[in-house]
Amino acid sequence: MKKIVVIQSTAVPFPHENVDTDQIIPARFLKTISREGFGAKLFYDWRYNKNGSENAEFVLNNPIHTGEILLAGHNFGCGSSREHAAWALLDYGFSVVISSFFADIFHGNALNNGLLPLQVSGKILSTLFEEIKINPKLQFTVDIKKQIFICPEIGIAESFDINPYKKICLMNGYDDIDYLLSMKKRITNFEKTHKVMSKIES
């Protein structure tokens, strides 16, 4: 997975609330276990018209809005537990999703796949949507090491919570197996020490 320590980016505003995983990536596209290619199907039923042409009114088709940060409405990622929702967001190019609330399973899937779900208060979220309307090119900084989200231009500096283990994984680009492999030397040394202590005790 890609290492994420500090993200400096504009944000894409997506103010819809209660967006479920089928709206993020429709079930009819879940025909592969590969993580690649899902970005092209992200928000497909909003993004494209029934004839396959782009919906010019949808935010992902508006060149004004770009960036690695998706600013999402309340209760993002509800519905089924499909991991493909996180894959689609990552494959499209997002590294961070900001919302005032995430569904628990989506939250876990996101972290497990290297996508940061960053939760802020409803008040802050509303402020961010309003400010991006005024200036779509606002720059935001997400610092995972310091656990802070800032936008100096509008006076925002907010700390955020993250599981310490998942923080290590994001900063090093580890999945669970990568993390265990990174501990190989320490595990080997522990086993050697444990064997020595066992012999002494016996």
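Look up: the structure comes first, before these words.
Residues numbered from 1 in each chain as written. Predicted model: local features only at pLDDT ≥ 70, side-chain atom pairs only at ≥ 80, totals over all residues. Heavy atoms only, no water.

Enquirer: Would you mind showing me how to read the layout of surface pockets here?
Expert: The computed volume of the largest pocket comes to approximately 220 Å³. Every residue along the wall of the largest pocket is listed here: Met1, Lys2, Ile4, Arg35, Trp87, Leu90, Asp91, Gly93, Phe94, Ser95, Asn113 and Gly114. Of the residues in the lining of the largest pocket, the class split is five nonpolar, four polar and three charged. Considering only enclosed or pocket space, the second largest pocket measures out at about 150 Å³ in volume. Surrounding the second largest pocket, Pro13, Pro15, Val59, His65, Phe129, Glu130, Ile132, Lys133 and Pro136 form its lining. Among the elements that take part in the lining of the second largest pocket, helix α5 (residues 122-134) stands out by supplying four residues, more than any other. (1 Å grid on protein atoms, 1.4 Å probe; cavity = no way out; pocket = protein on both sides within 12 Å on 5 of 7 lines; lining within 4 Å. Points joined across faces, edges and corners; volume = space filled by probe spheres on them. Nonpolar A, V, L, I, M, F, W, Y, C, P; charged D, E, K, R; others polar. Helix = DSSP H or I, 4+ residues; strand = E, 2+ residues; numbered from the N terminus.)

Enquirer: So what exactly am I meant to see when it comes to helix α6 (residues 164-172) here?
Expert: Of all the positions in α6, only Lys166, Lys167, Cys169 and Leu170 are classed as buried. Projected onto a plane normal to the axis of α6, the buried residues spread over an arc of 165 degrees and lie on a single side. The N-cap residue of α6 is asparagine 163: its side-chain oxygen and the backbone nitrogen of tyrosine 165 are 2.8 Å apart. (Buried < 20%, exposed > 50% of the residue type's maximum accessible area, 1.4 Å probe, protein only. Arc of directions from axis to C-beta. Polar contact = N/O pair within 3.5 Å; in protein donor to acceptor, adjacent residues only side chain to side chain.)

Enquirer: Mind showing me how you'd approach the packing of aromatic side chains here?
Expert: The geometry of two aromatic rings is summed up by the distance between their centres and the angle between their planes. Tallied over the full model, the rule gives 13 aromatic pairs. Ring plane angle 75 degrees and centroid distance 5.4 Å describe the contact between phenylalanine 14 and tryptophan 46, whose orientation is recorded as edge-to-face. Residue phenylalanine 14 is found in strand β2 (residues 11-14), and its partner tryptophan 46 is found in helix α2 (residues 44-47); the two are separated by 32 residues along the sequence. Put simply, the rings of Phe14, Phe43, Trp46 and Phe58 pair up and form one aromatic cluster. (Phe/Tyr/Trp six-rings, centres within 6.5 Å; stacked < 30°, edge-to-face > 60°.)

Enquirer: Where do I start with the pattern of salt bridges in this structure?
Expert: Pairing is possible between side chains that carry opposite charge, provided their charged atoms lie close to one another. Under the counting rule described, the total for this entry stands at four salt bridges. One salt bridge in this structure joins arginine 28 and aspartate 45, with 2.6 Å as the shortest N-O distance. You can see arginine 28 sitting in the loop between α1 (21-24) and α2 and its partner aspartate 45 sitting in helix α2, a full 17 residues away along the chain. For arginine 28, a relative accessible area of 43% translates into the label partly exposed. (Salt bridge = Lys/Arg side-chain N within 4 Å of Asp/Glu carboxyl O.)

Taken by themselves, the reported measurements are silent on function.
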